[in-house]
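Working through the structure, step by step
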Amino acid sequence: MGTRSCYLALWNAAVKFCMEYDAEAFKENLDWFRYLPAPGQISDEEFYLEYCFVVLHPGVSTVVAHSVWDRIRPILDQPLPRIVRNEKRVRTQLLRMYRNERKVGYMLDTARYLVANPGVGRRLERMGREQALKYLQTLPGIGKVTRYHLARNIGFDVVKPDRHLTRLAEVLGTTPNELCCVVAEETGERVGVVDYVFYQWCAWAGFDEVGEVARAICAAS
């Protein structure tokens, strides 16, 4: 079994597991990633929510990040000028739900920046992928890996090389980008969709189980 067949077998195992684990949530998220609008089509408020969601993730588990997000999203889901006008009240509300002053500070700093510099989605689309990735890394709380997370979530078709994808790629002797790009070519999916499926498999099954399946598939190739 060649490399492409090996990666495709791994993809099929990932899809099968996720469908059996929680088909409803999996299909909903799959469709979200499949039909993301282009960056230039998102509003500043939509960009801001994706930015804040990504800022939550470093240093915490996916479960914790989603739990925090469920609590603070209603506070952030409002017109950006209103957040800036009521910054003290918004800060108090956020810290009541999420006691991380540093990350709350990032969110409020970026709200002010976006109000002063509207049209971020259109600017990013005009930049193109590589320049957009550099730009995203200049935002507070966005680093070398999380810039890919944010770029993917706002419509750029990129791979997020997080710890799950990196470990999986290492088992296969490849990189997250090569793994996802090959599967995308074979299946016709966006690379961001492939990224999501492999990530979700690792998150739900645990990497020990995923690693065993990957090693078995490699051994059979």
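Residues numbered from 1 in each chain as written. Predicted model: local features only at pLDDT ≥ 70, side-chain atom pairs only at ≥ 80, totals over all residues. Heavy atoms only, no water.

Moving on to the layout of surface pockets. Where empty space is left becomes clear once a probe the size of a water molecule has been rolled over the atoms. For the largest pocket, the calculated volume is near 1,300 Å³. Lining the largest pocket are 43 residues; nearest its centre among them are Phe53, His57, His66, His149 and Asn153. Of all elements in the fold, only helix 1 (3–34), helix 2 (44–56), helix 3 (62–76), helix 9 (146–153), helix 10 (163–172) and helix 12 (191–205) reach the threshold of two or more residues within the lining of the largest pocket. Here the residues of the lining of the largest pocket are counted per class, giving 20 nonpolar, twelve polar and eleven charged. Within this model, the second largest pocket holds a volume of roughly 160 Å³. Grouping the constituent residues of the lining of the second largest pocket by class yields eight nonpolar, one polar and three charged. (1 Å grid on protein atoms, 1.4 Å probe; cavity = no way out; pocket = protein on both sides within 12 Å on 5 of 7 lines; lining within 4 Å. Points joined across faces, edges and corners; volume = space filled by probe spheres on them. Helix = DSSP H or I, 4+ residues; strand = E, 2+ residues; numbered from the N terminus. Nonpolar A, V, L, I, M, F, W, Y, C, P; charged D, E, K, R; others polar.)

Position of Arg99 relative to the elements: it lies in the loop between helix 5 (87–97) and helix 6 (101–116). Here Arg99 falls in the exposed class, since its relative accessible area comes to 78%. Separated by 79 residues in sequence, Arg99 and Glu20 place their C-alpha atoms 36 Å apart. (Buried < 20%, exposed > 50% of the residue type's maximum accessible area, 1.4 Å probe, protein only.)

What follows is about the packing of helix 10 against helix 11 (residues 176–187). Here helix 10 crosses helix 11 at 80 degrees, and the two axes come no closer than 8 Å. Overall, the two elements helix 10 and helix 11 adopt an arrangement that is roughly perpendicular. Where helix 10 abuts helix 11, its residues Leu165, Thr166, Leu168, Ala169 and Leu172 lie against Pro176, Leu179 and Cys180. (Axes fitted to C-alpha atoms, helices over the stretch in contact; angles between N-to-C directions. Parallel < 35°, antiparallel > 145°, perpendicular 65-115°, else oblique. Contact = heavy atoms within 4.5 Å.)

Next up on the list: the pattern of salt bridges. Per the counting criterion, the structure on display carries 13 salt bridges. Glu186 is the partner of Arg4 in a salt bridge, and the nearest nitrogen-oxygen pair spans 3.0 Å. On the criterion of sequence distance, the pair formed by Arg4 in helix 1 and Glu186 in helix 11 is long-range, its members being 182 residues apart. Judged by relative accessible area, Arg4 falls into the partly exposed class, the value being 38%. Across the pair Asp77 and Arg73 runs a salt bridge whose closest N-O atoms are separated by 4.0 Å. Among the charged side chains, a salt-bridge network with shared partners connects Glu87, Arg91, Asp109 and Arg112. (Salt bridge = Lys/Arg side-chain N within 4 Å of Asp/Glu carboxyl O.)

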